[in-house]
Amino acid sequence: MDSKTLYAKAQTLMPGGVNSPLRACRYVKSEPVFIERAKGAYVWDVEGRQYIDYVLSWGPQILGHCDPVVTEAAHKAVDLGSSYGAPCEGEVLLAEEISKLMPSMEMMRMVSSGTEATMSALRLARGYTGRSKVVKFIGNYHGHNDSFLAAAGSAAATVPGTPGVPEDIVKHTLLAHYNDLDAVENHFKESGDDIACVIVEPAAGNMGLVLPQPGFLEGLRACAHNTARCSSLTKSSPASVLTSAVPRSVTTSSRI
């Protein structure tokens, strides 16, 4: 079947015909392209058209599709079982390797999605600090956890506002424009005693990834430091969490 036929059928089976809002492509006024296969830096749709893949499955395929070393390792792993639902040696070895490459990540938890990573990081920050509020930036997307859907990025463009999210939750999310330190400073002046963390990542910019201006992250650290016992900045994908009172060992994990 071609993409148009598949999309029409998918819409009768899945909300919006997709399993992630971004894939609906409505923010670029298009219908989704259905991919048939991928190799290296390229993907092919079901009509046989070839594309350069700048998305790379949002990160996991950074080495390209069907990399021979990765493929061989995946085949060996599947031969031992596809999923255990229990700890295994591989996850310990992977965590050890990540710790060696990024010593600041003293402790970590591996998850299946960016939503799980940011949700866990926020819950940990709130649990440690005893505070409720989080500062996020308009246009930054951190998954579909309730606390982060207020003024989310392009991935939520198909869902205007925050329908389905109670006001009691949204009121704990303080908003600021990306790279606007003055707004963040005002939030800390007004609510600093109840801010658990600031969450930030490159603004989507329709996937152009608008990086923070020089000095922006340092400014965020200073804002937190002025109202907290200690501060910590973790830089990881898909999001970085600047906590106002969480020890250095606390970090958000990336999609593995």
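Keep in mind the model is a prediction, meaning the values are calculated, not measured.

Visitor: What is the right way to look at the overall build of the protein in this model?
Guide: In terms of helices and strands, the protein carries seven helices and eight strands. Residues counted as buried form 36% of the 256 residues belonging to the protein. Look at the contacts in the protein between residues 6 or more apart in sequence, and 55% of them connect residues 24 or more apart. Just so you have it, the protein exposes about 15,000 Å², and 57% of that area is on carbon and sulfur atoms.

Visitor: I'm lost on the nonpolar core in this one. Help?
Guide: Within soluble globular proteins, side chains that are nonpolar tend to cluster in buried spots. Counting residues in each nonpolar core, the largest one holds 16 residues, and the members touching the most others are Phe137, Val184, Phe188, Val198, Val200, Phe216 and Leu220. The greatest single-element share of this core, amounting to five residues, is contributed by helix H7 (residues 216–225). Listed in part, the seven residues of the second largest apolar core include Leu122, Val134, Phe148 and Ile199.

Visitor: Teacher, can you tell me more about the packing of aromatic side chains here?
Guide: Two numbers describe a pair of aromatic rings. These are the distance of the centres and the angle of the planes. All told, the structure shown has four aromatic pairs when counted by the stated rule. Between the aromatic rings of phenylalanine 137 and phenylalanine 216, the centroid separation amounts to 5.4 Å while the plane-to-plane angle is 65°, which identifies the pairing as edge-to-face. With phenylalanine 137 in strand E4 (residues 133–138) and phenylalanine 216 in helix H7, this residue pair connects regions lying 79 residues apart in the sequence. Judged by its relative accessible area of 3%, phenylalanine 216 is buried. Look at tyrosine 178 and phenylalanine 216: their rings are 6.0 Å apart centre to centre, the planes differ by 70°, and that puts the pair in the edge-to-face class.

Visitor: I tried to follow unusual backbone geometry on my own but got confused; where do I start?
Guide: Trans peptide bonds make up the majority, and among non-glycine residues the majority have a negative phi. A positive phi is found at cysteine 66, a non-glycine position, where the angle reads about 60°. Note on placement: cysteine 66 falls in the loop between strand E3 (50–52) and helix H2 (68–79). Located in the positive-phi region is asparagine 179, a residue other than glycine, with phi close to 70°. Positionally, asparagine 179 belongs in the loop between strand E5 (173–177) and helix H6 (181–191). On the basis of relative accessibility, which here comes to 18%, the residue asparagine 179 falls in the buried class.

Visitor: Whenever I open this one, the pairing of strand E2 (residues 42–45) confuses me. Can you help?
Guide: Working note: regular strand, side chains alternate between the two faces of the sheet. Note that strand E1 (residues 35–39) and E2 share four bridges and pair antiparallel. Its bridge partner lying in E2, lysine 39 is registered against tyrosine 42. In this antiparallel pair of consecutive strands, E1 and E2, the connection spans two residues, and glycine 40 shows a positive phi of 60°. Hairpin connection, E2 to E3: the antiparallel pair is bridged by four residues, and glycine 48 has positive phi, about 90°.

Visitor: I tried to follow the packing of H6 against H7 on my own but got confused; where do I start?
Guide: How two helices pack is summed up by the angle between their axes together with the distance between the axes. Here H6 crosses H7 at 10°, and the two axes come no closer than 10 Å. As the angle between them shows, H6 and H7 are arranged roughly parallel. Between H6 and H7, the contacting residues are Leu181, Val184, Glu185 and Phe188 on the first element and Phe216, Gly219, Leu220, Cys223 and Ala224 on the second. For the contact of H6 with H7, the per-class residue count stands at seven nonpolar, one polar and one charged.

Visitor: Quick question: what am I supposed to make of the pattern of salt bridges here?
Guide: Between side chains of opposite charge, pairing is possible as soon as their charged atoms come close. Under the definition given, this model contains five salt bridges. Among the ionic pairs, aspartate 45 bridges to arginine 49, the shortest N-O distance being 2.8 Å. According to the relative accessible area criterion, aspartate 45 is buried, its value standing at 0%. Between glutamate 72 and lysine 76 there is a salt bridge, and its shortest N-O distance comes to 3.5 Å. Residue glutamate 72 and its partner lysine 76 are both found in helix H2; the two are separated by four residues, about one turn of the helix.

Visitor: Is there a simple way to explain the environment of glycine 90 in this structure?
Guide: Looking at the element boundaries, glycine 90 is found in helix H3 (residues 89–101). Separated by 13 residues in the primary sequence, glycine 90 and alanine 77 have C-alpha atoms spaced 9.2 Å apart.

Visitor: Any chance you could explain the environment of leucine 181 here in plain terms?
Guide: Considering the arrangement of structural elements, one finds leucine 181 in helix H6. Taking C-alpha positions, leucine 181 is 7.0 Å from phenylalanine 216, a pair spaced 35 residues apart along the chain. The contact partners of leucine 181, leaving out residues within four places of it in the chain, are Gly215, Phe216, Gly219 and Leu220.

Cut-offs and rules
- Residues numbered from 1 in each chain as written.
- Predicted model: local features only at pLDDT ≥ 70, side-chain atom pairs only at ≥ 80, totals over all residues.
- Heavy atoms only, no water.
- Helix = DSSP H or I, 4+ residues; strand = E, 2+ residues; numbered from the N terminus.
- Buried < 20%, exposed > 50% of the residue type's maximum accessible area, 1.4 Å probe, protein only.
- Contact = heavy atoms within 4.5 Å.
- Areas by Shrake-Rupley, 256 points an atom, 1.4 Å probe, with all protein chains shown as cover.
- Core = buried A, V, L, I, M, F, W, Y, C linked by side-chain atoms within 4.5 Å.
- Phe/Tyr/Trp six-rings, centres within 6.5 Å; stacked < 30°, edge-to-face > 60°.
- Pairing = 2+ DSSP bridges.
- Axes fitted to C-alpha atoms, helices over the stretch in contact; angles between N-to-C directions.
- Parallel < 35°, antiparallel > 145°, perpendicular 65-115°, else oblique.
- Nonpolar A, V, L, I, M, F, W, Y, C, P; charged D, E, K, R; others polar.
- Salt bridge = Lys/Arg side-chain N within 4 Å of Asp/Glu carboxyl O.

Honestly, it's all geometry; don't read function into it.
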